[in-house]
Amino acid sequence: MGFRYRWAGSAAAAAMVSALLLCTQLLSAPPARAANPISALGPGFLWGVSTSGFQSEGHSPDSNWTRYIAGNPGYAPLRDSVDFYDRYASDIDSARGLGVKVFRVSVEWARLQPAPGVWDEGAFRHYDAVINKIQQDGMRPMITLDHWVYPGWEAARGGWNNPAMVGDWLANARRVVDRYAARNPLWVTVNEPVAYIGHEVGHGANPNDMLERLAQVHNGIYDYIHHVRPGAQVTSNLGYVAGSEAQVNGGFVDRVAGRLDYVGVDYYFAYDPARAALDTFTKAVGSSSSGIPGAAIWDLPVHTEGIYYALQYYSRRLPGKPLYVVENGLATNNNLPRGDGYSRGDHLRDTVYWLQRAKADGMNVIGYNYWSLTDNYEWGSYAPRFGLFAVDVESDPSLSRRPTDAVGAYRQLITGGGVAPNYLPTRAPALCVLVDPPNSCTSPVAAR
């Protein structure tokens, strides 16, 4: 009881300090600047959809993640996920029906190299067929080399704690590059590296070593890709963290900034003052857990204008680099409506409005991928839903794809190059301290 009492007082103090700082930012915020008129994003804009191998393919070979699931009774069984492995052709047809120009997939190392020194030509032929289908349907592949999954035999060797992981990773990635560079894909080296580290730390990884090694593999394969195809476009997509982006992703960006042909940004959630106050407290007491249950992913704050500030941040941090939103979407709890009443279609339209605002304000935004084409396995659970097409893995053996309201919305947006010039977001911008402070307070932007 004594610890809880002291915790309550300290947490209240941290929350009070955080609230005072936020009020100071709010009171000192300049007026929002007048909005430039928006226009269509243009015929060269890259509309796309994102998928992930392990999360959607099913029929999964031994990997770090099949082992994590087997060792954690709180994780939902993977089953065959949404079975993209067998249903890729019809799913790619669905993407074509939206009118998208880019289809993101990951080529899974655990399939390609089932044992040290053993390469599975059949697995390569499978990915040949997937990428052929993407191109036949008029889309450009975006290939992710590492979406948080590696072979089980690498996990047994220590994963990212093993210095030899860098050489093994590059050996696999070079084979993928040699196979597909002629297709001229967009390349993503490592998906959300800092979130990747966070997952792996929970399974024993050393965060500092892993950060260095992820930077090494990114830089190494970047150089190799450009050796094979000098005009290639390569990035690592960064999971943007509103209110603390520099602190969270800055170390990785510092290590790879010279080897990014475009900046891949993943944006989902706005700043949460309450969680920030608790983070302040837990850091102060040296605890990794506050004792208060974390918010479910579908309860985290969503303010679509935040994507504008994320793009603004990287337009300033890495000037001259094209900006591509590699992932963005809206989480729901299974098929239930969100507590805030936001529909997937309205969220998508509002988000695209802010992309158009960013473009109108001079940011070089070249593409946008919706996460994700279908619902999938969200790293331990099927409850969080992000799909344009809903799939009830745990209750529908047929794994039927059911369009959400966002399917029609996305098709219309792509056809029109965005929202109409007179469109107003369904939700007005929130107080700046709730979006992405301090940037959202020091240079606020209005919807009109």
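Here the structure is a predicted model, which means the values were calculated and not measured.

What counts and what doesn't
Residues numbered from 1 in each chain as written. Predicted model: local features only at pLDDT ≥ 70, side-chain atom pairs only at ≥ 80, totals over all residues. Heavy atoms only, no water. Helix = DSSP H or I, 4+ residues; strand = E, 2+ residues; numbered from the N terminus. Buried < 20%, exposed > 50% of the residue type's maximum accessible area, 1.4 Å probe, protein only. Pairing = 2+ DSSP bridges.

Trainee: Could you give me a rundown of unusual backbone geometry, with the residues and numbers involved?
Mentor: As a rule of thumb, non-glycine residues mostly have phi less than zero, and peptide bonds are mostly trans rather than cis. Of note, the amide linkage connecting W371 to S372 takes the cis form, showing an omega dihedral of 0 degrees. Even without being a glycine, H59 presents a positive backbone phi close to 50 degrees. Its location among the elements puts H59 in the loop between α2 (53-56) and α3 (64-70). Here L399, not a glycine, exhibits a phi torsion of approximately 50 degrees, which is positive. In this structure, L399 sits in the loop between β12 (389-390) and β13 (402-403). Residue classification places L399 among the buried positions, given a relative accessible area of 9%.

Trainee: I'd love a proper account of the pairing of strand β2 (residues 102-106), names of residues and values included.
Mentor: Of all the 5 residues making up β2, 5 are buried; the element is thus mostly covered by neighbouring parts of the structure. By the alternation rule, side chains of β2 split into V102, R104 and S106 and F103 and V105, which are all buried. Bridge count for strand β1 (residues 46-50) against β2 is 3 bridges, and the pairing is parallel. From the neighbouring strand, S50 faces β2, where its bridge partner is R104. Direction of pairing for β2 relative to strand β3 (residues 140-146): parallel, over a ladder of 5 bridges. Residue V102 lies in a different strand from β3, and its bridge partner there is R140.

These figures capture arrangement, not role.
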